[in-house]
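Below, each chain spelled out in residue letters.
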Amino acid sequence: MIVFDSVCKHYGTFQVLNNCSATINKGEIVVICGPSGSGKSTLIKCVNGLETFDSGQITVDGTRLHDPATHLPDLRRRIGMVFQGFELFQHLTVLQNVMIAQRVVLHRNKAEAHERAMLLLQRVGLADHAAKYPVALSGGQQQRVAIARALAIDPVAILFDEPTSALDPEMVAEVLAVMTELAQAGMTMMCVTHEMGFARQVANRVIFMDRGEFVDDLPAADFFDGRCSDRAGTFLKRILSH
Amino acid sequence: MQIWNWHGFFIYLTNRYIFEGAVTTLWLTAFSICAGFVLGGALALMKRSRHQIVSLPARFYVWFFRGTPLLVQLIVIYTGLPKFGIRLDVVTCSLIGLSLNEAAYLAEIIRAGLNAVPPGQIAAARALGFEERQIAWRITFPQAMRIIVPPLGNSVNGLLKTTSVTSVISMEELLRRTQLLVQEHFMVLELFSVSALYYLAMTSAWDMVQRRLEHYVNKPYARPTSSRANAPANAQALPDIGQDAR
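Because the structure is predicted, anything quoted here is derived from the model rather than measured. (Residues numbered from 1 in each chain as written. Chains lettered and ligands numbered in written order. Predicted model: local features only at pLDDT ≥ 70, side-chain atom pairs only at ≥ 80, totals over all residues.)

Taken residue by residue, the interface counts 23 residues in chain A and 22 residues in chain B. Those elements giving two or more residues to the side of chain A that touches chain B turn out to be α2 (72–76) and α3 (94–104) of chain A. At three residues, the largest contribution of residues to the side of chain A that touches chain B is made by α3 of chain A. When the residues that make up the side of chain A that touches chain B are grouped by side-chain class, the tally is 13 nonpolar, six polar and four charged. (Contact = placed C-beta atoms within 7 Å. Helix = DSSP H or I, 4+ residues; strand = E, 2+ residues; numbered from the N terminus. Nonpolar A, V, L, I, M, F, W, Y, C, P; charged D, E, K, R; others polar.)

Turning to the sheet that holds strand β6 (residues 79–82) of chain A, a few remarks are in order. All names here are of chain A. The sheet built from six strands is open, its strands ordered β6-β7-β8-β3-β9-β10 with mixed pairing. Every other strand in the sheet has two partners, leaving β6 and β10 (213–219) as the edge strands with one partner each. Strand-to-strand twist of the sheet, defined as the mean angle between neighbouring strand axes without regard to direction, takes the value 15°. Bridge count between β6 and strand β7 (residues 157–161): four bridges; the pairing is parallel. Opposite Ile79, over in β7, you have Ala157 as the bridge partner. Strand contacts of helix α1 (residues 40–47): β3 (29–33), β6, β7, β8 (188–192) and β9 (205–210), with the helix running at about 150° to β8, the strand carrying the most contacts. Here helix α8 (residues 220–227) sits on the sheet in contact with β9 and β10, set at roughly 105° to β10. (Pairing = 2+ DSSP bridges. Axes fitted to C-alpha atoms, helices over the stretch in contact; angles between N-to-C directions.)

Attention now goes to the UniProt feature "domain: ABC transmembrane type-1" (unreviewed entry) in chain B. This chain's UniProt record puts "domain: ABC transmembrane type-1" (unreviewed entry) on residues 22–210 of chain B. Structurally, residues 22–210 of chain B comprises 82% helix and 0% strand, and the distance from its first C-alpha atom to its last is 20 Å. (UniProt positions renumbered as here; feature names shortened; annotations may be inferred.)

All names here are of chain B. Look at the UniProt record and you will see "transmembrane region" (unreviewed entry) annotated at residues 26–46 and 58–81. Secondary structure within residues 26–46 divides into 100% helix and 0% strand; the distance between the first and last C-alpha atoms comes to 30 Å. End C-alpha to end C-alpha, residues 58–81 measures 22 Å, and it is 88% helix and 0% strand.

Let us look at helix α9 (residues 188–218) of chain B. Residues and elements named next belong to chain B. The terminal C-alpha atoms of α9 lie 44 Å apart, and with 31 residues this matches the ideal 45 Å at 1.5 Å per residue to within 8%. Taken as a whole, α9 has its buried residues at Glu190, Leu191, Val194, Ser195, Tyr198, Met202, Gln210 and Val217. Tucked inside the fold, the buried residues of α9 contact α1 (6–13), α2 (16–48), α7 (132–162) and α8 (174–185). (Expected span 1.5 Å × (residues − 1). Buried ≥ 20, exposed ≤ 12 C-beta atoms within 10 Å, placed from the backbone.)

All names here are of chain B. At a minimum axis separation of 10 Å, helix α6 (residues 119–127) and α7 run at an interaxial angle of 160°. Between α6 and α7, the interaxial angle falls into the category roughly antiparallel. Where α6 crosses over α7, the handedness of that crossing is right-handed. Note on element contacts: α7 touches α6 through Ile135, Ile139, Thr140 and Gln143, opposite Gln121, Ile122, Ala125 and Arg126. A per-class count over the contact of α6 with α7 returns four nonpolar, three polar and one charged. (Parallel < 35°, antiparallel > 145°, perpendicular 65-115°, else oblique. Left-handed = near helix turned anticlockwise from the far one by under 90°.)

Here we come to the domain arrangement of chain A. For interface size, the figure often reported is the accessible area lost on association. Residues and elements named next belong to chain A. Entries for chain A in the domain assignment read domain 1 (1–78 + 160–242) and domain 2 (88–154). Here the C-alpha centroids of domain 1 and domain 2 sit 25 Å apart. Of the residues lining the interface, nine residues belong to domain 1; the matching set on domain 2 comes to nine residues. When its residues are assigned to classes, the side of domain 1 that touches domain 2 shows six nonpolar, no polar and three charged. (Domains from an automatic or database assignment.)

Our focus in this paragraph is the sheet that holds strand β2 (residues 14–24) of chain A. Residue and element names in this part refer to chain A. Strand order in the open sheet formed by four strands is β2-β1-β4-β5, and the pairing between neighbours is antiparallel. The open sheet has two edge strands, β2 and β5 (63–64), and neither has a second partner. Along the sheet, α1 contacts β1 (2–11), β2 and β4 (55–60); its crossing angle with β2, the most-contacted strand, is approximately 55°.

All names here are of chain A. Here β1 runs beside β4; their pairing, made up of five bridges, is antiparallel. From the neighbouring strand, Val3 faces β4, where its bridge partner is Thr59. Here β4 folds back onto β5 in antiparallel fashion, the turn holding two residues, of which Asp61 has a positive phi close to 50°.

Turning our eyes to something else, we now look at the environment of Leu70 of chain B. With respect to the helices and strands, Leu70 of chain B occurs in helix α4 (residues 70–80). With residues near it in sequence (within four places) discarded, Leu70 of chain B still touches Gly97, Asn101, Thr162 and Val165 of chain B.

The subject of this paragraph is the packing of α4 of chain B against helix α5 (residues 90–115) of chain B. Residue and element names in this part refer to chain B. Packing of α4 against α5 leaves a shortest axis separation of 9 Å and a crossing angle of 140°. Taken as axis vectors, α4 and α5 run oblique relative to one another. Helix-helix and strand crossings are classified by hand; for α4 and α5 the assignment is right-handed. Residues Leu70, Gln73, Leu74, Ile77 and Tyr78 of α4 form the contact with α5, whose participating residues are Cys93, Ile96, Gly97, Leu100 and Asn101. Of the residues belonging to the contact of α4 with α5, the class tally is seven nonpolar, three polar and no charged.

Have a look at this one:
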């Protein structure tokens, strides 16, 4: 589904991504973790072309990113993305947020887009809030709407870029619950997160990144049962110690 | 001679000639703000360009038209262009002068509005597969309007009065017609008071439109309950700004 082949990127002399290779198969849930500045967010943004990379190749659902024939908007409409800062469109209601890409990008008619949006809002438990504007919602609610918005274009995979990092602790659970439900429904997910509980319970694989490199790429069970590298072990100890 | 002639005042207040002058002022303003907005929008986009070949002419335009008096611009258009064989009537010259001048100010207002749209909103639209043109129309422009509308209202208010400068090229708008009557009847105070009342009526009417516009663009950002603990701090409705900058 998503194939990274020797992906490299640097800012000046600083190597952000260093020879990253991995394959994410259909239906897999892959968690990317690592210390801050290790290149996780840059990597995930490369998948839908929000960031560029210097060399190597990323192939998404058969489409190569480094290919002059690839029209980025066409590729992006097949992948959903959820951002750390939610990024709901502030001038639109919750319902309109979930409808707009269906109307503008997929050219669905109004009734169809409305019906699909309401179904998705029900799925994330926010159908009652459809008429509200984003500012009237809590962070957790906004992020659930953002997930519904990403699902509205019927993506083949969803990218999560630290979806719970900007949330108060009591709101993390409601977002993780929606993500877990999605995972169980068979969605292909690539998720940058520090939520190790989610990674252990929901992910199939964990990729540990440090200084732009894929240090570990292990099944989640192995990763958490001490079969990870020393660098990952140190990282885990540090974030789980409190 | 009387100090103040009430009879004369009311005669001029209901005078058709003066009234039509006010109507002229209104459509001069309406046309110039619309044309200025379109041209100003184009200039704002040019100024935001990374390529100097595109941004420099726009910067020069804004620098020139904001740096010279409208009075001079109008006279140059009215008396200068015929020397190059371009002969335009007074109305056309007035509309061109006002629009070109207004565009320079509106370019800066629109640019500020476009710059105020958070980059994350554009990234989110890109991630959904929007084309750049769709992002501009569906996301950037609607969100920029919230920043643009308050100063745009100021521009309309100012322009209603600035149109009087076209009287120097003998455009018969409200002030010019007032002056013509003054030369005939010498009721200086009464006539200018009448024209002041007309200007007040027009700016007041605009104030009401402006308030509705601001309410409309701020609606998504106004929180229903004032005590929402964790809504973002930058989502407050913008305060009203003062009405006269000129």
